[in-house]
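Examining the three-dimensional arrangement
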Amino acid sequence: MPPESRFDRRLSQILAHATDVFYERGYEGASMRDLSRASGMSLAGLYHYCESKEKLLYLIQKHTFSTIVEKLRERLAEADDAEARIRIFILNHLEYFLANQRAMKVLSHEDEVLKNGYGSEIAAIKREYYRICLGLLDDYKRERGLYFSSRIAVLSLFGMMNWIYTWHNPRIDADASELARQMGDIFLQGICAAKTGKSTKRKSVAPN
C-alpha cells in the first residue's frame, strides 16, 4: 500500500470535522462555511479539497462502509464454522459502530441524501455488505437444517445492531465484544427455533 500523501492526511482530518458538523447540525443545517470553520481552514482552502458538502458526505459514507467490509472480509477469511462467521459479522459491525458513533448517526440519518453517481456507488457497497450477511445466514441454515427467510433474518439482525448508538451508554452497558456475544446468542437462538418448514401463521379470529 503506498504511503498516505499530505493531501490524503488533510482530507481525512476534514472528513472527521465534517462528521462532527453533520452530527451536530444535520446535513441540511450545515453549510460549507460551517465546515471550513470546523476544519480551521479558509472556505477557498476547503473547496480545494472538496467541492461540495454532498461530496464530503459521500466520502464519509464511502470510507465507513468500505472500511467495515474490508475488515469483515479479513476476519471471515480466518474462520470456517458457519456460526463463528455470523458472530464475526456481528462483532465487526458493533466494534465499528461503537468506535464511530457520530459517523454512524450521520450515516443513519442522512441515508437518502446522496443522489446520482454518489448514491449509486454507496448503494452498491451496502448491497455487497447485505449479500455477505445473506450468504452467512444461508450457510448456517443449510448446515443446521433450518427453515427461515434469510432476508427477514438479515434485516432483523441489522435492526438489532444499527440503532445501538441511540441507547448505548459505556458507563453501564457492555463493550462491543460482550454485546456481540449477547446479541449473537439472542439472534442465533431465535433463528434456531425455526426448525420446520411449516407455516407459523395463525388464523385471525374475527370479533362476534
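Residues numbered from 1 in each chain as written. Predicted model: local features only at pLDDT ≥ 70, side-chain atom pairs only at ≥ 80, totals over all residues. Heavy atoms only, no water.

This part is about the overall build of the protein chain. When helices and strands are tallied, the protein chain shows 9 helices and 0 strands. Each helix (α) and strand (β) of the protein chain, taken in turn from the N terminus, gives the series α-α-α-α-α-α-α-α-α. When its C-alpha atoms are laid out on the principal axes, the protein chain stretches across 65 × 55 × 40 Å. Within the protein chain, the proportion of its 208 residues that are buried is 41%. The long-range share in the protein chain, meaning contacts at least 24 apart out of those at least 6 apart in sequence, stands at 72%. For the protein chain, the exposed area adds up to about 12400 Å²; of that, 51% sits on carbon and sulfur atoms. Positive and negative side-chain charges in the protein chain, numbering 31 and 27 respectively, have mean positions lying 5 Å apart. (Helix = DSSP H or I, 4+ residues; strand = E, 2+ residues; numbered from the N terminus. Buried < 20%, exposed > 50% of the residue type's maximum accessible area, 1.4 Å probe, protein only. Contact = heavy atoms within 4.5 Å. Areas by Shrake-Rupley, 256 points an atom, 1.4 Å probe, with all protein chains shown as cover. Lys, Arg positive; Asp, Glu negative; His and termini not counted. Charge placed at Lys NZ, Arg CZ, Asp CG, Glu CD.)

This part covers the side chain of Asn 92. Tracing the backbone shows Asn 92 in helix α5 (residues 82-99). What makes Asn 92 buried here is its relative accessible area of 3%. A polar atom in the side chain of Asn 92 sits 3.1 Å from the backbone oxygen of Ile 68. If we skip the residues at most four places from it in the chain, Asn 92 touches Ile 68, Lys 71, Leu 72 and Arg 75. (Polar contact = N/O pair within 3.5 Å; in protein donor to acceptor, adjacent residues only side chain to side chain.)

With that settled, consider the layout of surface pockets. Estimates place the volume of the second largest pocket at around 390 Å³. Among the elements of the structure, α4 (53-76), α5, α6 (101-109), α7 (116-144) and α8 (150-162) are those that each provide at least two residues to the lining of the second largest pocket. Classifying every residue of the lining of the second largest pocket gives 10 nonpolar, 3 polar and 2 charged. (1 Å grid on protein atoms, 1.4 Å probe; cavity = no way out; pocket = protein on both sides within 12 Å on 5 of 7 lines; lining within 4 Å. Points joined across faces, edges and corners; volume = space filled by probe spheres on them. Nonpolar A, V, L, I, M, F, W, Y, C, P; charged D, E, K, R; others polar.)

Let's shift gears to the packing of α4 against α7. The interhelical angle for the contact between α4 and α7, taken along N-to-C directions, is 20°, at an axis separation of 10 Å. When the axes of α4 and α7 are compared, the pair comes out roughly parallel. Considering only the axes of α4 and α7, their crossing is left-handed. Contacts between α4 and α7 involve Glu 54, Lys 55, Tyr 58, Gln 61, Lys 62, Phe 65, Ser 66, Ile 68, Val 69, Leu 72, Arg 73 and Leu 76 from the former and Tyr 118, Glu 121, Ile 122, Ile 125, Lys 126, Glu 128, Tyr 129, Ile 132 and Leu 136 from the latter. Each residue belonging to the contact of α4 with α7 can be placed in one class, and the counts come to 12 nonpolar, 2 polar and 7 charged. (Axes fitted to C-alpha atoms, helices over the stretch in contact; angles between N-to-C directions. Parallel < 35°, antiparallel > 145°, perpendicular 65-115°, else oblique. Left-handed = near helix turned anticlockwise from the far one by under 90°.)

Take α6 next. Those residues of α6 that fall on the buried side of the exposure criterion are Ala 103, Met 104, Val 106 and Leu 107. Within α6, the buried residues cover an arc of 160° as seen down the axis, which keeps them to one side. Against the buried residues of α6 lie α1 (6-25), α4 and α5. (Arc of directions from axis to C-beta.)

Per the stated rule, a full pass over the model turns up 16 salt bridges. Among the salt bridges present, the one from Glu 121 reaches Lys 62, with a minimum N-O distance of 3.3 Å. One end of the pair, Glu 121, is in helix α7; the other, Lys 62, is in helix α4, with 59 residues separating them in the sequence. Its relative accessible area of 31% is what places Glu 121 among the partly exposed residues. Close ionic contact of Glu 178 with Arg 181 constitutes a salt bridge, the shortest N to O distance being 2.6 Å. One end of the pair is Glu 178 and the other is Arg 181, both in helix α9 (residues 176-192) and 3 residues apart, which spans about a single turn. Among the residues examined, Glu 178 registers a relative accessible area of 26% and is labelled partly exposed. (Salt bridge = Lys/Arg side-chain N within 4 Å of Asp/Glu carboxyl O.)

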